[in-house]
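# Report on the structure
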Amino acid sequence: MSGDFEPEQKRYLEGFMAGLQIAKTSRSAAGNGAAAPPANAATAELIGPDAAALRAQDRTIKAGGKLSDPEKFKRELHPFDGYEKLKEQAAKNEAPKADDNFRWRFFGLFYCAPTQKSYMCRLRIPNGILSHRQFAGVGDLAERYAGGYAHVTTRANLQMREVEPKNAVAMVEAIQDLGLSSRGSGADNIRNVTGTPTAGIDPQELIDTRPYAREWHFHILNDRSLYGIPRKFNVGFDGGGLIPVLEDTNDIGFQAVAVKDGFGVEPSIWFKLMLGGITGHQDFARATGVIVKPEDATKVADAVVRVFIDNGDRTNRAKARLKYVLDAWGFEKFLGAMEDKLGRKLTRAPEAALETRPPFDRLAHIGSHPQKQEGLHWLGIVLPVGKITAEQMRGIGNIAEEFGDGDIRLTVWQNLLISGVAEDRVAAAQAAIEAIGLSTKATSIRAGLVACTGSAGCRLALSDTKRHADEIARWCEARVQFEGPLNIHLTGCPNSCAQHYIGDIGLVGTKVQVSEDGDQVEGYHIHVGGGFGPDAACGREVFHDVKAEDAPQAVERMLKAYLGQRASADESFLAFTRRHDIDALKALFDTQAVE
């Protein structure tokens with residue numbers, strides 16, 4: 001190095017050159033699945049925001065591991081260094097190849113071929129709350145650059161489909177013009193940050209989750225080193241409100257708890273730290289024995305992610321989630337590694353020190369409910385399996401501005417709330433909602449209906465979940481008088497984006513063979529008895545290979561058996577299914593007549 005450079009500049013340039021050498025050797029070694037270490041690896045220290053991820057990859061290679069394809073894609077060209085390439089493809093209206101299809105997900109763009117020869121664009125909305133102007137603006141973008149509609153997702157988020165390659169960059173940049181972002185909403189990134197949808201207005205909440213979700217959201221956006229994780233990562237904040245957030249299905253769940261006096265820690269509202277949730281792999285986040293001061297939540301989450309960056313699997317995508325590090329290490333070793341990152345000890349508290357969480361209301365995301373602010377209500381609006389048109393989005397924006405406080409609050413139940421509606425204006429607001437083709441009223445069957453995108457828009461899905469969900473609801477609503485909470489979840493593949501394992505009734509898509517020649521039709525395996533929160537457990541399979549056309553009748557039989565055989569009027573469907581073994585349930589269900 002020339003003597004014209006200061007020592008710090010020399011170290012930076014050495015690291016930069018090492019990074020270039022890594023990319024070069026990675027490309028040359030792509031044929032055998034692993035990049036050779038750089039020639040000067042013994043002397044050059046990697047620095048910069050990508051260093052930790054590159055070092056983790058290097059350790060994998062040195063140990064004889066073969067990097068997974070996505071790890072190679074990131075190593076050859078970091079997605080955030082490829083924006084000019086994305087712009088070139090947009091200028092040519094050119095579809096991405098496999099490597100770029102992965103990279104562009106770092107900008108929230110998922111190319112959906114062969115199901116749809118276009119992108120899906122997903123946003124980031126911390127705590128699921130955005131303004132009426134932003135919501136209506138997303139509707140405008142859906143109309144201008146996409147298919148004219150949006151989906152509310154199971155992470156209290158929005159995504160738009162049918163974005164042609166030529167419109168991809170325009171969509172991403174227009175989202176930023178609205179004060180929103182799509183950065184890091186797909187692929188190997190920390191996904192949208194969920195929080196209690198009624199944060200700040202909930203009469204029973206322990207804490208308003210909005211500032212903590214927002215702080216974590218901006219921490220992610222502004223630290224590139226957090227984009228080097230081995231696989232996707234979810235974080236949820238539960239403030240103790242009426243509407244469940246499903247934080248126990250996240251890699252990190254922060255649960256607000258009231259800590260009692262007399263246990264050696266400050267009696268106050270803390271977050272209970274839960275780790276390792278991934279219900280698609282049949283596991284919930286587990287208690288760590290750690291409690292976190294709310295103002296320290298971002299620091300603690302950061303430490304979790306950095307331990308995961310260093311130690312997550314870079315070879316096997318199926319094992320590249322946080323759960324598998326925890327399974328291999330145990331919680332104490334992992335917590336010790338977190339403490340090393342933090343430079344201090346974590347605070348421990350026994351379960352006996354924690355007050356019981358206030359109960360959920362599993363129907364509070366639908367209809368009119370009083371806020372903590374006297375005289376004000378939130379209105380939960382039903383969206384048919386999470387879909388809303390651009391025109392309806394503008395209509396909801398106008399209604400939120402005219403009748404409410406201007407906020408739109410998305411939920412993990414694929415619907416939205418309008419908050420701040422004066423009690424004497426609730427009826428008028430509901431009428432305005434009805435006028436745009438939506439409603440604040442739903443049967444129990446439809447209120448808890450959740451469905452992923454399905455085969456209409458996802459190449460991985462084996463069944464058309466949204467259509468079949470609507471068919472199940474229509475069929476059963478006309479034939480079964482059902483009261484009380486009920487969650488029916490339909491997911492198109494084992495990835496379980498609609499979290500079928502936690503539903504009272506969960507359906508996972510499959511192909512059902514219908515002839516000796518191998519002809520197949522869309523169908524489902526059906527599970528029962530899933531739950532979350534205090535009822536957390538994965539559902540058990542009760543029916544295998546049910547044709548989609550037969551699914552509505554199958555659900556009808558299940559509901560009728562419950563209504564006819566429950567122990568009392570107070571016994572829930574969940575309790576009923578857990579009271580019987582699978583063979584007994586099958587026998588009860590099979591005896592029911594259907595119309």
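Further up the page is the structure itself.
What comes next concerns the included structure.

Cut-offs and rules
Residues numbered from 1 in each chain as written. Predicted model: local features only at pLDDT ≥ 70, side-chain atom pairs only at ≥ 80, totals over all residues. Heavy atoms only, no water. Pairing = 2+ DSSP bridges. Helix = DSSP H or I, 4+ residues; strand = E, 2+ residues; numbered from the N terminus. Axes fitted to C-alpha atoms, helices over the stretch in contact; angles between N-to-C directions. Contact = heavy atoms within 4.5 Å. Phe/Tyr/Trp six-rings, centres within 6.5 Å; stacked < 30°, edge-to-face > 60°. Buried < 20%, exposed > 50% of the residue type's maximum accessible area, 1.4 Å probe, protein only. Lys NZ or Arg CZ within 6 Å of the ring centre and 35° of its normal. Parallel < 35°, antiparallel > 145°, perpendicular 65-115°, else oblique. Left-handed = near helix turned anticlockwise from the far one by under 90°. Nonpolar A, V, L, I, M, F, W, Y, C, P; charged D, E, K, R; others polar. Salt bridge = Lys/Arg side-chain N within 4 Å of Asp/Glu carboxyl O.

With respect to topology, five strands assemble into an open sheet ordered E17-E18-E19-E20-E21, the strand pairing being mixed. Of all the strands in the sheet, the pair left with one neighbour each is strand E17 (449–451) and strand E21 (540–547). Neighbouring strand axes in the sheet, compared pairwise and without regard to direction, differ in orientation by 25° on average. Helix-sheet contacts for helix H16 (residues 551–565) involve strand E18 (488–491), strand E19 (505–513), strand E20 (520–528) and E21, and the interaxial angle to E21 is about 145°. In the packing of helix H18 (residues 582–590) onto the sheet, contacts are made with E20 and E21, and the angle to E21 comes to roughly 45°.

Turning our attention to the packing of aromatic side chains. Counted under the stated rule, the structure contains 20 aromatic pairs. Note on Tyr83 and Phe107: the rings are 5.3 Å apart at their centroids and 50° apart in plane angle, and the pair reads as tilted. With a gap of 24 residues between them, Tyr83 in helix H4 (residues 83–91) and Phe107 in the loop between helix H5 (98–103) and strand E1 (109–111) connect regions that are remote in the sequence. Plain terms: the ring middles of Trp329 and Phe334 are 6.1 Å apart, the flat faces sit at 50° to each other, and that makes the pair tilted. For Phe334, a relative accessible area of 0% puts it in the buried group. Aromatic ring contacts, followed pair by pair, group Phe73, Phe80, Tyr83, Phe102, Trp104, Phe106, Phe107 and Tyr227 into a single cluster. Above the plane of the ring of Tyr227 lies Arg183, whose end atom (NZ or CZ) is 5.4 Å from the centre.

What follows covers the packing of helix H9 (residues 297–311) against helix H11 (residues 331–342). What describes two packed helices is the angle between their axes and the distance between those same axes. Where H9 contacts H11, the two axes come as close as 9 Å, and the packing angle between them is 115°. Here H11 runs roughly perpendicular to H9, going by the angle between their axes. Once H9 is placed against H11, the crossing between them reads as right-handed. The residues of H11 that touch H9, namely those facing Lys299, Val300, Ala303, Val304, Arg306, Val307 and Asp310, are Phe334, Ala337, Met338, Lys341 and Leu342. Classifying every residue of the contact of H9 with H11 by side-chain character gives eight nonpolar, no polar and four charged.

Turning to the pattern of salt bridges, a few remarks are in order. Opposite charge on two side chains permits them to pair, given that their charged atoms come into close proximity. Tallied over the entire structure, the rule returns 42 salt bridges. Within the structure, one salt-bridge network assembled from shared partners comprises Glu71, Lys74, Asp188, Arg314 and Arg317.

Before going further, it helps to examine helix H10 (residues 322–329). Along H10, the residues that are buried comprise Leu322, Lys323, Tyr324, Val325 and Leu326. Close packing links the buried residues of H10 with strand E9 (269–275), strand E10 (286–292), H9 and H11. Gly330 sits one or two positions beyond H10 and adopts a positive phi of about 85°.

Glancing now at unusual backbone geometry. The omega torsion across Ala113 and Pro114 is 5°, close enough to zero to call that bond cis. With respect to the helices and strands, Pro114 occurs in the loop between E1 and strand E2 (119–122). Backbone geometry at Asn127 places phi at a positive 65°, although glycine is not the residue there. Tracing the backbone through its elements, the reader meets Asn127 in the loop between E2 and strand E3 (129–131).

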